[in-house]
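Residues per chain, in single letters:
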Amino acid sequence: MRWPFIDGAAIPPGAEDAYYAPSVSAEQASVYEHAARAIDRSLRVGVHGLPLMGSGDWNDGMNRVGIEGRGESVWLGWFLCRLVADFAPLARQRGDTARAQRWDARPRLDGGAVGRRGTVSGSSGRSSTTARPWARRPTPRPASTSSRRPGRCFPAPRRWPPPRMAAVGAHLGDPEAGLIRLLRRRWRHAWPSAGYIQAYPPGVRENGGQYAHGGVWALMAQARLSLQQPGPPASHDRPYRRFTWLSPAHRSSHPDQSAAYGLEPYAMAGDICSQPPYVGRGGWSWYTGAAAWMHRAAIESIFGLRQGAQHLSWRPCLPSHWPQAELTLRRDGRTMRFILMRASPADALEASAPRGAQLLAPGQLLHWTTLAPESCFVIPLPLD
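Residues numbered from 1 in each chain as written. Predicted model: local features only at pLDDT ≥ 70, side-chain atom pairs only at ≥ 80, totals over all residues. Heavy atoms only, no water.

Caption draft 1: Representation of the overall build of the chain in the model. Scanning the chain from N- to C-terminus turns up 12 helices and 13 strands. Taking all 384 residues of the chain together, the buried fraction comes to 48%. Across the chain, every contact between residues at least 6 apart in sequence was considered, and the portion connecting residues at least 24 apart equals 59%. Accessible surface, the chain as shown: approximately 19300 Å² in total, 54% of it carbon and sulfur. (Helix = DSSP H or I, 4+ residues; strand = E, 2+ residues; numbered from the N terminus. Buried < 20%, exposed > 50% of the residue type's maximum accessible area, 1.4 Å probe, protein only. Contact = heavy atoms within 4.5 Å. Areas by Shrake-Rupley, 256 points an atom, 1.4 Å probe, with all protein chains shown as cover.)

The structure is reproduced here in structure tokens:
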């Protein structure tokens, strides 16, 4: 299918934003082409080799950083690395080879450019739950590339990510209040101005509050790190603990946090205040983008479901106090039931035998498109 674009005037140089009602364009294109043009637009870099933020861009609280065409973003660099790694193979499959080569070659985002900087350029804050968690998301090296070349997107060396995530916990976490702040440094009188982030009191929304998007990314990054580091089931407890900090249901039922929170227990809040006298107060509720990321974190990071067009697999990161968990997946007319159980393979198979479960090892690929309309699998997890 093909979908229209929208027509509107470009934001003039030096302007923060522009308000108008755009019109529907007569031009139409596939969803792939819409996404590809967005990547094309993001390839411009600044003097540090990092992508330019632009004006009215992803971080609207810092709406003045990029208005002169120079402000750069570490987070956008990691994000672009991930997108190029995912979309370049799709482009080649569609015969869009020239565009794939341009994506591979143009962004000067090798491990050095992005890895040396931990926050948005111009910020003296030492940690951020936007940039640091995205450093944990792997960017596959193209199979045809045997050496690191400028212009390619590569993962940071393995020694970098753990200290990055350790900094998130040390500088941004507040276990007593059950919060993980977006920024360590709160903006007040910075000049040049970063934007309307400075209009918020310290600890409110983007200005050092717990911002749900960044908090969820930190949770997902911590789950990936926990799976890479061998250890007992208790080593998987940290991602779940951060999940409870973000979950409106957990916060609303907490004996100490519920009164301060003050929002619905069934709708995701965009932010939570982190500074007295409003520590723990929920901000913008019914935040659909944050709810979508939270859902992904629960299914993909805690339960560990990895879905593809033809295959799926499981790499769970369940908390140690969960002896068992179940998830039912309905897809393409099939109902697939999965039981995650802390037991040996033999005991797990015996316990789930009444349900007709088949054994599926963690990480094992399951070709789900060949399954019967109804199926059941048990995934055994380590006991210690």
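Caption draft 2: Representation of the packing of helix α1 (residues 31-41) against helix α3 (residues 97-105) within the structure. In the contact formed by α1 and α3, the axes pass within 11 Å of each other and the chain directions differ by 35°. For the element pair α1 and α3, the recorded crossing hand is left-handed. Together, Y32, E33, A36, R37, I39 and D40 of α1 and R99, R102 and W103 of α3 make up the contact between the two elements. Of the residues assigned to the contact of α1 with α3, the class counts are 4 nonpolar, no polar and 5 charged. (Axes fitted to C-alpha atoms, helices over the stretch in contact; angles between N-to-C directions. Left-handed = near helix turned anticlockwise from the far one by under 90°. Nonpolar A, V, L, I, M, F, W, Y, C, P; charged D, E, K, R; others polar.)

Caption draft 3: Structural context of empty space enclosed by the protein. Going through the model one piece at a time under the given rule, you end up with 2 cavities of 30 Å³ or more. Its volume calculated, the second largest cavity comes out at about 50 Å³. Lining the second largest cavity are Q210, Y211, A212, L246, Y261, M268, A269, G270, D271 and I272. Looking at the lining of the second largest cavity, the elements that each hand over two or more residues are β5 (210-211) and β6 (271-272). Residue classes in the lining of the second largest cavity are distributed as 7 nonpolar, 2 polar and 1 charged. (1 Å grid on protein atoms, 1.4 Å probe; cavity = no way out; pocket = protein on both sides within 12 Å on 5 of 7 lines; lining within 4 Å. Points joined across faces, edges and corners; volume = space filled by probe spheres on them.)

Caption draft 4: Layout of the pairing of strand β9 (residues 324-331). Here β9 runs beside strand β10 (residues 334-342); their pairing, made up of 8 bridges, is antiparallel. When the sheet's bridge partners are listed, T328 is paired in β10 with R337. Following β9, the chain reverses through 2 residues before pairing antiparallel with β10; D332 in that reversal takes a positive phi of roughly 55°. (Pairing = 2+ DSSP bridges.)

Caption draft 5: The arrangement of helix α7 (residues 212-228) in detail. For α7, which comprises 17 residues, the first-to-last C-alpha distance of 25 Å matches the rise-based estimate of 24 Å (1.5 Å per residue) to within 8%. With 15 of its 17 residues buried, α7 lies for the most part within the structure. (Expected span 1.5 Å × (residues − 1).)

Caption draft 6: Representation of the sheet that holds strand β11 (residues 358-359). Spatially, the 4 strands line up as an open sheet ordered β9-β10-β13-β11, and their pairing is mixed. Of all strands in the sheet, those bounded by a partner on one side alone are β9 and β11. Bridge count between β11 and strand β13 (residues 374-381): 2 bridges; the pairing is parallel. Across the sheet, Q358 pairs through a bridge with F377, a residue of β13.

Caption draft 7: Geometry of the nonpolar core. Of all hydrophobic cores here, the largest spans 45 residues; its most connected members are V216, L312, W314 and F338. Elements with a contribution of two residues or more to this core: α2 (74-93), α7, α8 (237-246), α11 (288-302), β8 (311-314), β9, β10 and β13. Broken down by element, this core gets its largest block of residues, 6 residues, from α11. In contact with W314, not counting residues within four places along its chain, are F303, G304, L305, L327, F338, L340, L360, P362, G363 and I379. Ranked by size, the runner-up nonpolar core spans 11 residues in total, among them Y32, A36, L80 and A88. (Core = buried A, V, L, I, M, F, W, Y, C linked by side-chain atoms within 4.5 Å.)

Caption draft 8: The arrangement of the pattern of salt bridges in detail. Under the counting rule described, the total for this entry stands at 15 salt bridges. Here E27 makes a salt bridge to R37, at a shortest N to O gap of 2.7 Å. You can see E27 sitting in strand β2 (residues 23-29) and its partner R37 sitting in helix α1, a full 10 residues away along the chain. One salt-bridge network, in which partners are shared between bridges, spans E27, E33, R37, D40, D96, R99 and R102. (Salt bridge = Lys/Arg side-chain N within 4 Å of Asp/Glu carboxyl O.)

Caption draft 9: View of the layout of surface pockets. Space inside the largest pocket adds up to approximately 970 Å³. Along the wall of the largest pocket there are 31 residues; nearest its centre are A10, I11, R41, R44 and S55. Among the elements that line the lining of the largest pocket, the one with the most residues is α1, at 4 residues. Taken together, the residues that form the lining of the largest pocket break down as 15 nonpolar, 9 polar and 7 charged.

Caption draft 10: Seen up close, the confidence of the model for the chain. Per-residue confidence for the chain averages 84 on the pLDDT scale, and 84% of its residues sit at or above 70. Note that pLDDT drops below 50 for residues 117-126; the model gives that stretch 26 contacts with residues more than four away or on any other chain. Every residue in residues 138-161 is under pLDDT 50, and counting partners more than four places away or in other chains gives 44 contacts. (pLDDT = per-residue confidence, 0-100.)

Caption draft 11: Spotlight on the packing of aromatic side chains. Scanning the entire structure with this criterion turns up 13 aromatic pairs. Geometrically, the ring pair formed by F87 and W103 is edge-to-face, given 6.5 Å between the ring centres and 85° between the ring planes. Pair noted here: F87 is in helix α2 and W103 is in helix α3, with a separation of 16 residues, a long-range link. A relative accessible area of 0% means that W103 is categorised as buried. Among the aromatic residues, ring-to-ring pairing joins W75, F79, W217 and W293 into one connected group. (Phe/Tyr/Trp six-rings, centres within 6.5 Å; stacked < 30°, edge-to-face > 60°.)

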